[in-house]
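Reading the structure
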There are 2 protein chains.
Amino acid sequence: MVTMRDVAAEAGVSAMTVSNALTGRRPVSEPTRRLVMETVERLGYQVNVAARSLRQGRTGVVGVAVPTLDSHYYSQLSHRLVVAFSQAGLATVVEETHASREGELAAFRDSRLNAYDGLVIAALGLSEREINALSREVPVVVLGEQELHQTVDHVSMPNVAGAEAATRLLLDRGCRRLALVGFPTLEDVEKVRLPEGAAFSLRTEGFLRAARAGGADVTSSHHGVTQAAGVLCAQDLLGRPERPDGIFCVTDTLAFGVVRGLADGGVRVPDDVLVVGFDDVEDARFHVPSLSSVAPDHDGLVAESVRLLQRRIQDPAATPTDVTVSFELVERESTTPPARPARRTRGARPAR
Amino acid sequence: MVTMRDVAAEAGVSAMTVSNALTGRRPVSEPTRRLVMETVERLGYQVNVAARSLRQGRTGVVGVAVPTLDSHYYSQLSHRLVVAFSQAGLATVVEETHASREGELAAFRDSRLNAYDGLVIAALGLSEREINALSREVPVVVLGEQELHQTVDHVSMPNVAGAEAATRLLLDRGCRRLALVGFPTLEDVEKVRLPEGAAFSLRTEGFLRAARAGGADVTSSHHGVTQAAGVLCAQDLLGRPERPDGIFCVTDTLAFGVVRGLADGGVRVPDDVLVVGFDDVEDARFHVPSLSSVAPDHDGLVAESVRLLQRRIQDPAATPTDVTVSFELVERESTTPPARPARRTRGARPAR
């Protein structure tokens, strides 16, 4: 059996250097790290993860658990976290939870079984009680919108304020018949806060607050969270007797589907109706028309997640911290009618 | 210390059922699996991965290693693999390799360190020799376009034939001045096959074959692989004395950027120029205009990857298999001018 000493002798470095190269606990120059890795591969050195973990207390690996990778927002967020953890010397594995309680339990279990140093989880299915219990066994940072009463480290975005700003933009541009595309429906959101729709409920709250303050008519449609769902919402809204002149979508992904569904119905954005999204995914600026969106401070969100997880790993007893990052409203073509004459064709505004 | 027997007693099932629920080696009913998992969580049962691996030869976890999750194609592919492995009873962790040799070595190393049952890797940086050496230590399926001489299990898509079909579509629609947007440049591709651009080189080869057979003028532009790179390519092409009337992009992601860059220059798709992409990512059908694209059989690619990896895990000595999935050319709005009169405004065709 090949030992760490064998690797060290073969590579001509100390056993400590081999260890540091493998764990990333202390910095090692890039050429040395590469030499060690190649020697590890060549000799077929097998590190016993459990034993190493017991000896050193670290594996150098963290988990990131998101609902799905088939999502503009979560795939881009995962990428940013992988890059940021890598810069902090930590390897990252990404898991899908399918936004289910069971998938999220599995992410905690896998973190413990594989002795990951910590876990960043966008928790949608687990209750606060469950997260608190699990966080005692695995260093964890929770992303998202559950109200966690500062019992775990928690990083979130300004959902209510962002949605308010987006809705006020539509009002400022002259919209008076506003539609919400999201989940849950207006009726649902006033009845119950679904855990799986917590961020969306908050965005709905912001929409309603601004729309009512502006005296606009409001309507809504929801069919799920995908681009295909957005298409269905657009079909819904085009079938209404009073068509909306401004649409706020709780995610950019839904907004892309809405714009597509409007185009299918011969309705142009921004000439005939204005559309604004939320998340500012990268695609927003490449669509034609480019999509106006609420841009949470993505870099801040990722930096705070990495910072808080590293702190939690170092000091499991640290006081839990709740961080809400800032946001910016990015105005693009979807809320910028190119010429006034085109807008007049949108039909008479209702007298209010 | 909590043992598997404690979990079994508490849940009222056999120790074998607990084991099967944890490893997924044999099927367990969903309610039973859930009961076992909840009991594992409640009692804080710690499975020793290395010990379990030695005892049972399986961890029930596979790795998927892709260049980046910040990519339409790779994020959607990763999602499909996670779902398919989940249906096969295997948990999946996803890692980014950043398309580097070092990142890919790390994926193999992590697979071995964490005793994953196998690895699916979109290998771009490693040489064939290296992949062959590593594949003796970890059950592996390679995705992508390296010429591997059937020494490892390998699943790929029809890059040359797909690109030829896409280019012939442009010719059939009357295009005579064709542009390639991709990587590497036409000059590069004839000099050297860069490992990191293998699939793109094959797509370029298909483009050139069809364009030359059709007697079209060809030009090209490349600035990288992102949407932003596509915008730059469009700017390039709009600055040429003879503007292209048809553009083949080696990925849909580049095509989205190209369409955006053309719009910035006041050039409309498909009215002024036709555009076709490759990969048929989900977004292709939601953009306005929707994007024509080469659609490899995504389901087949994923199913073959799962099948071959499962077989390799069961039988490490199985004969390596090389699978190329089929494809379909999906025609959408970006190659379908809405009205003939609009097309006549594209300018006179060169006499050839």
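Residues numbered from 1 in each chain as written. Chains lettered and ligands numbered in written order. Predicted model: local features only at pLDDT ≥ 70, side-chain atom pairs only at ≥ 80, totals over all residues. Heavy atoms only, no water.

As recorded in an unreviewed UniProt entry, chain A goes by DNA-binding LacI/PurR family transcriptional regulator and comes from Kineococcus radiotolerans.

Turning our attention to the sheet that holds strand β9 (residues 274-278) of chain A. All names here are of chain A. With mixed pairing, the six strands of this open sheet are ordered in space as β7-β6-β8-β9-β10-β12. Each having just a single partner strand, β7 (217-221) and β12 (327-330) make up the two edges of the open sheet. Across the sheet, the mean angle separating the axes of adjacent strands is 20° when strand polarity is ignored. Pairing of β9 with strand β10 (residues 292-296) involves three bridges; the strand directions are parallel. Considered in β10, the bridge of Gly277 is made with Ser293. On top of the sheet, helix α10 (residues 198-213) reaches β6 (177-181), β7, β8 (246-249) and β9; it is set at about 175° to β6, its chief contact. (Pairing = 2+ DSSP bridges. Helix = DSSP H or I, 4+ residues; strand = E, 2+ residues; numbered from the N terminus. Axes fitted to C-alpha atoms, helices over the stretch in contact; angles between N-to-C directions. Contact = heavy atoms within 4.5 Å.)

This paragraph deals with the packing of aromatic side chains. Each aromatic ring pair is characterised by the separation of its centres together with the angle its planes make. All names here are of chain A. Per the stated rule, a full pass over the model turns up four aromatic pairs over all chains. Summarising the aromatic geometry, the rings of Tyr73 and Tyr74 are spaced 5.1 Å apart at their centres and angled 65° between planes, so their arrangement reads as edge-to-face. Judged by its relative accessible area of 19%, Tyr74 is buried. Ring geometry for Phe207 against Phe248: centres 6.0 Å apart, planes inclined by 10°, an arrangement best described as stacked. Residue Phe207 is found in helix α10, and its partner Phe248 is found in strand β8; the two are separated by 41 residues along the sequence. With respect to burial, Phe207 and Phe248 carry one shared label: buried. Positioned over the ring face of Phe278 is Arg203, at 3.8 Å from the centre of the ring. (Phe/Tyr/Trp six-rings, centres within 6.5 Å; stacked < 30°, edge-to-face > 60°. Buried < 20%, exposed > 50% of the residue type's maximum accessible area, 1.4 Å probe, protein only. Lys NZ or Arg CZ within 6 Å of the ring centre and 35° of its normal.)

Least-squares fitting of chain A to chain B yields an RMSD of 0.2 Å, with the superposition described by an axial translation of 0.0 Å and a rotation of 180°. In short, the pair behaves as if placed about a two-fold rotation axis. Of every C-alpha in chain A, the one belonging to Val94 of chain A sits nearest the axis of rotation, 2.5 Å from it. (Least-squares fit on C-alpha atoms with pLDDT ≥ 70 in both.)

Residue and element names in this part refer to chain B. The strand order across the open sheet formed by six strands is β7-β6-β8-β9-β10-β12, and the pairing between neighbours is mixed. In this open sheet, the two edge strands, each paired with only one partner strand, are β7 (217-221) and β12 (327-330). When the angles between neighbouring strand axes are averaged without regard to direction, this sheet yields 20°. In this fold helix α12 (residues 252-264) packs onto β6 (177-181), β8 (246-249), β9 (274-278) and β10 (292-296), with an angle of close to 155° to the strand it touches most, β9.

Residues and elements named next belong to chain B. Under the relative-accessibility criterion, Phe248 is labelled buried at 0%. Spatially, the C-alpha atoms of Phe248 and Val181 are 6.2 Å apart, while their sequence positions differ by 67 residues. Each residue touching Phe248, except ones within four places of it in the same chain, is listed here: Ala163, Ala166, Thr167, Leu170, Ala179, Leu180, Val181, Arg203, Phe207, Val276, Gly277 and Phe278.

Before going further, it helps to examine the interface of chain A and chain B. Chain A puts 59 residues into the contact, and the matching count from chain B is 59 residues. A combined buried area of about 5,000 Å² lies between chain A and chain B, and 50% of that area is made up of carbon and sulfur atoms. By the criterion of area lost to chain B, the three top residues of chain A are Glu41, Arg260 and Phe286 of chain A, representing 15% of everything that side buries. Our count for the chain A to chain B interface comes out at eight salt bridges. Scanning the region where chain A abuts chain B turns up 21 residue pairs in polar contact (both at pLDDT 80 or more). For the side of chain A that touches chain B, the secondary-structure elements that each account for two or more residues are α3 (30-43), α4 (49-56), α5 (72-87), β2 (91-96), α6 (101-113), α11 (227-238) and α12 (252-264) of chain A. For the side of chain A that touches chain B, the class distribution of residues is 24 nonpolar, 16 polar and 19 charged. (Buried area = accessible area lost by both parts, 1.4 Å probe. Salt bridge = Lys/Arg side-chain N within 4 Å of Asp/Glu carboxyl O. Polar contact = N/O pair within 3.5 Å; in protein donor to acceptor, adjacent residues only side chain to side chain. Nonpolar A, V, L, I, M, F, W, Y, C, P; charged D, E, K, R; others polar.)

Glancing now at the environment of Asp299 of chain A. Relative to the helices and strands, Asp299 of chain A resides in helix α13 (residues 298-314). Considered as a pair, Asp299 of chain A and Gly206 of chain A are 93 residues apart in the sequence and their alpha carbons are 23 Å apart.

Let's shift gears to the side chain of His287 of chain A. Looking at the element boundaries, His287 of chain A is found in the loop between β9 and β10. In terms of polar contacts, His287 of chain A uses its side chain to reach the side chain of His287 of chain B, at 3.1 Å. Ignoring any residue separated from it by four or fewer positions in sequence, one finds His287 of chain A in contact with Phe256 of chain A together with Arg260 and His287 of chain B.

Before going further, it helps to spend a moment on the pairing of strand β1 (residues 61-66) of chain B. Residue and element names in this part refer to chain B. The element β1 is largely enclosed, with a buried count of six among its six residues. Neither face of β1 is open: one carries Val61, Gly63 and Ala65, the other Val62, Val64 and Val66, and all of them are buried. As defined by bridge partners, β1 adjoins strand β2 (residues 91-96) across six bridges and the pair is classed as parallel. For Val64, the partnering residue across the bridge sits in β2 and is Val94. In this view, the connection linking β1 to its parallel neighbour β2 by way of helix α5 (residues 72-87) has right-handed handedness. (Right-handed = clockwise from strand over helix to strand, strands pointing away.)

Residue and element names in this part refer to chain A. Relative to the helices and strands, Glu205 is located in helix α10. A residue is classified by how much of its surface remains accessible, and Glu205, at 29% relative accessible area, is partly exposed. In sequence terms Glu205 and Glu164 are 41 residues apart; their C-alpha atoms lie 8.3 Å from each other.

On to the packing of α5 of chain A against α13 of chain A. All names here are of chain A. Two elements in contact, α5 and α13, have axes whose closest approach is 10 Å; the angle formed by their N-to-C orientations is 50°. What the angle tells us is that α5 and α13 run oblique. As for how α5 packs across α13, the hand of that crossing is right-handed. Between α5 and α13, the contacting residues are Tyr73, Leu77, Arg80, Leu81, Ala84 and Phe85 on the first element and His298, Leu301, Val302, Ser305, Val306 and Leu309 on the second. Broken down by class, the residue content of the contact of α5 with α13 amounts to nine nonpolar, two polar and one charged. (Parallel < 35°, antiparallel > 145°, perpendicular 65-115°, else oblique. Left-handed = near helix turned anticlockwise from the far one by under 90°.)

Turning our eyes to something else, we now look at the pattern of salt bridges. Tallied over the entire structure, the rule returns 44 salt bridges over all chains. Across the pair Arg260 of chain A and Asp264 of chain A runs a salt bridge whose closest N-O atoms are separated by 2.8 Å. Of this pair, Arg260 of chain A and Asp264 of chain A both sit in helix α12, separated by four residues, roughly a single helical turn. Here Asp264 of chain A falls in the partly exposed class, since its relative accessible area comes to 48%. With a shortest N-O distance of 3.9 Å, Arg240 of chain B and Asp236 of chain B are connected by a salt bridge. Overall, the relative accessible area of 25% leaves Arg240 of chain B in the partly exposed class. On the basis of relative accessibility, which here comes to 29%, the residue Asp236 of chain B falls in the partly exposed class. Here the residues in one salt-bridge network are Glu30, Arg33 and Arg34 of chain A together with Glu102 of chain B, joined through shared partners.

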